[in-house]
Amino acid sequence: MKVMLINGSPHEKGCTYTALCEVAGELEKAGVETEIFQVGQQPIRGCVSCGFCKKNKGNKCVFGNDPVNAALEKAKDMDGFIFGSPVHYASASGMMTSFLDRFFYAGTVLKYKPGASVVSCRRGGATAAFDQLNKYFTISSMPVVSSQYWNMVHGNTPEEVRQDLEGLQTMRTLGRNMAWLLKSIEAGKQAGVSLPEPEEPQITNFIR
Ligand SMILES: Cc1cc2nc3c(=O)[nH]c(=O)nc-3n(C[C@H](O)[C@H](O)[C@H](O)COP(=O)(O)O)c2cc1C
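Only a predicted model underlies this, so the values are computations on that prediction, with no experimental measurement involved. (Residues numbered from 1 in each chain as written. Predicted model: local features only at pLDDT ≥ 70, side-chain atom pairs only at ≥ 80, totals over all residues. Heavy atoms only, no water.)

(A) The arrangement of the packing of aromatic side chains in detail. Counted by the stated rule, this structure contains 11 aromatic pairs. Their ring planes at 80° and their centres at 5.9 Å tell us that Phe83 and Phe103 sit as a pair that is edge-to-face. Separated by 20 residues along the polypeptide, Phe83 in strand β3 (residues 80-88) and Phe103 in helix α4 (residues 94-106) bring together distant segments of the chain. Phe103 carries the same exposure label as Phe83, and that label is buried. For the pair Phe103 and Phe104, a centre-to-centre distance of 5.7 Å together with 75° between the ring planes defines the contact as edge-to-face. The same class applies to Phe103 and to Phe104, which are both buried. Among the aromatic residues, those joined into a cluster by ring pairs are Phe37, Phe81, Phe83, Phe99, Phe103, Phe104, Tyr136 and Phe137. Residue placement shows Arg45 over the ring face of Phe63; its charged tip is 3.9 Å from the ring centre. Stacked on the ring of Tyr105, the Lys or Arg Lys54 has its end atom at 4.1 Å from the ring centre. (Phe/Tyr/Trp six-rings, centres within 6.5 Å; stacked < 30°, edge-to-face > 60°. Helix = DSSP H or I, 4+ residues; strand = E, 2+ residues; numbered from the N terminus. Buried < 20%, exposed > 50% of the residue type's maximum accessible area, 1.4 Å probe, protein only. Lys NZ or Arg CZ within 6 Å of the ring centre and 35° of its normal.)

Spelled out as structure tokens, the structure:
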């Protein structure tokens, strides 16, 4: 069992990373492998709605020169996902938003795999960013893993985040809850519980 933790911060070892490490620690303790994937600092294009990914259904975006396709390739072998972002103007970072728009629009290997998001802010806007990130899961048939509080830490530096004891506890609880859900899904599979039968998609734009 493996979980991919995507860090949508330009700071490789910053506050978001500190929160993700806390989640990863609990997953590892529960016997779940983890991999932290850095979105990094290079420019990430937004989705240009070209339709390439829909035509090809190949879990691939038309733009191959940034980390989106590398993440989609890795996602094939993952059982769960945690998306971490710093709060920028009460939203996820611009890079993370561009990354996730394309990751989810092109992604064909995410359905039914549990996901959770984690945000880091100095002071405000955390719940707005958290809500934004959770919407990617709930439009993608992904079970959302919860914790004892909304998944946020507060701080401008990793040292400050380490002082947010409640935030860190929320991260650890999230890690244990995700491990429990992954094991429950695996036990269900072993017991013969099959995935839900999908319907033919209906696309109605506004009223018809
Ligand atoms: C462009 C920008 C916008 C920010 N907007 C907010 C904000 O709306 N609310 C807030 O509390 N902190 C804001 N911050 C501070 C970061 O969210 C905070 O320092 C965060 O923990 C940094 O995480 P990181 O080290 O993983 O990048 C902003 C920082 C930047 C660079």
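What follows picks up the thread again.
(B) Representation of unusual backbone geometry within the structure. The backbone of Tyr89 sits at a positive phi, close to 50°, despite the residue not being glycine. Residue Tyr89 is classed as exposed on the basis of its relative accessible area of 84%. One non-glycine residue, Tyr112, lies in the positive phi region at around 70°. Secondary-structure assignment places Tyr112 in the loop between α4 and β5 (115-121).

(C) The side chain of Asn7, seen in detail. Summarising the element assignment, Asn7 is placed in strand β1 (residues 2-7). Take Asn7: its relative accessible area is 0%, and that puts it in the buried class.

(D) Representation of the site of the ligand. Taken together, 17 residues form the shell around the ligand, and within it Ser9, Val87, Ser120, Arg123 and Asn156 come nearest. Interatomic distance of 2.6 Å between a side-chain N/O atom of Ser9 and an oxygen atom of the ligand. Contacts to the ligand include Val87, whose backbone N or O atom sits 2.7 Å from an oxygen atom. Summarising the interface, the protein chains cover 75% of the accessible area of the ligand, which totals 650 Å² for the free molecule. (Near = heavy atom within 4 Å. Polar contact = N/O pair within 3.5 Å; in protein donor to acceptor, adjacent residues only side chain to side chain. Areas by Shrake-Rupley, 256 points an atom, 1.4 Å probe, with all protein chains shown as cover.)

(E) Region of the structure containing the environment of Lys60. For Lys60, the location among the structural elements is in the loop between α2 (52-56) and α3 (67-75). We classify Lys60 as partly exposed; its relative accessible area is 47%. C-alpha separation for the pair Lys60 and Leu72, spaced 12 residues apart in sequence, amounts to 6.9 Å. Not counting residues up to four positions away in its chain, the partners in contact with Lys60 are Phe52, Cys53, Asn69, Leu72 and Ala106. (Contact = heavy atoms within 4.5 Å.)

(F) Structural view of the pattern of salt bridges. With the rule as written, the count across this model stands at 9 salt bridges. Here Lys2 makes a salt bridge to Glu35, at a shortest N to O gap of 3.2 Å. Residue Lys2 is located in strand β1, and its partner Glu35 is located in strand β2 (residues 33-38); the two are separated by 33 residues in the primary sequence. For Glu35, a relative accessible area of 19% gives the class buried. Two residues, Glu73 and Lys76, come together in a salt bridge whose shortest N-O distance is 3.1 Å. Here Lys76 falls in the partly exposed class, since its relative accessible area comes to 40%. (Salt bridge = Lys/Arg side-chain N within 4 Å of Asp/Glu carboxyl O.)

(G) Molecular detail of the UniProt feature "domain: NADPH-dependent FMN reductase-like" (unreviewed entry) in the chain. Mapped onto this numbering, the UniProt entry annotates "domain: NADPH-dependent FMN reductase-like" (unreviewed entry) at residues 1-155. With 35% helix and 21% strand, residues 1-155 has end C-alpha atoms that lie 31 Å from one another. (UniProt positions renumbered as here; feature names shortened; annotations may be inferred.)

(H) Expanded view of the packing of α4 against helix α5 (residues 126-138). Direction vectors running N to C along α4 and α5 enclose 10°, while the axes themselves pass 11 Å from each other. It follows that α4 is roughly parallel to α5 by the angle criterion. Across from Thr97, Leu100, Asp101 and Phe104 in α4, the residues of α5 making contact are Gln132, Leu133, Tyr136 and Phe137. Taken together, the residues that form the contact of α4 with α5 break down as 5 nonpolar, 2 polar and 1 charged. (Axes fitted to C-alpha atoms, helices over the stretch in contact; angles between N-to-C directions. Parallel < 35°, antiparallel > 145°, perpendicular 65-115°, else oblique. Nonpolar A, V, L, I, M, F, W, Y, C, P; charged D, E, K, R; others polar.)

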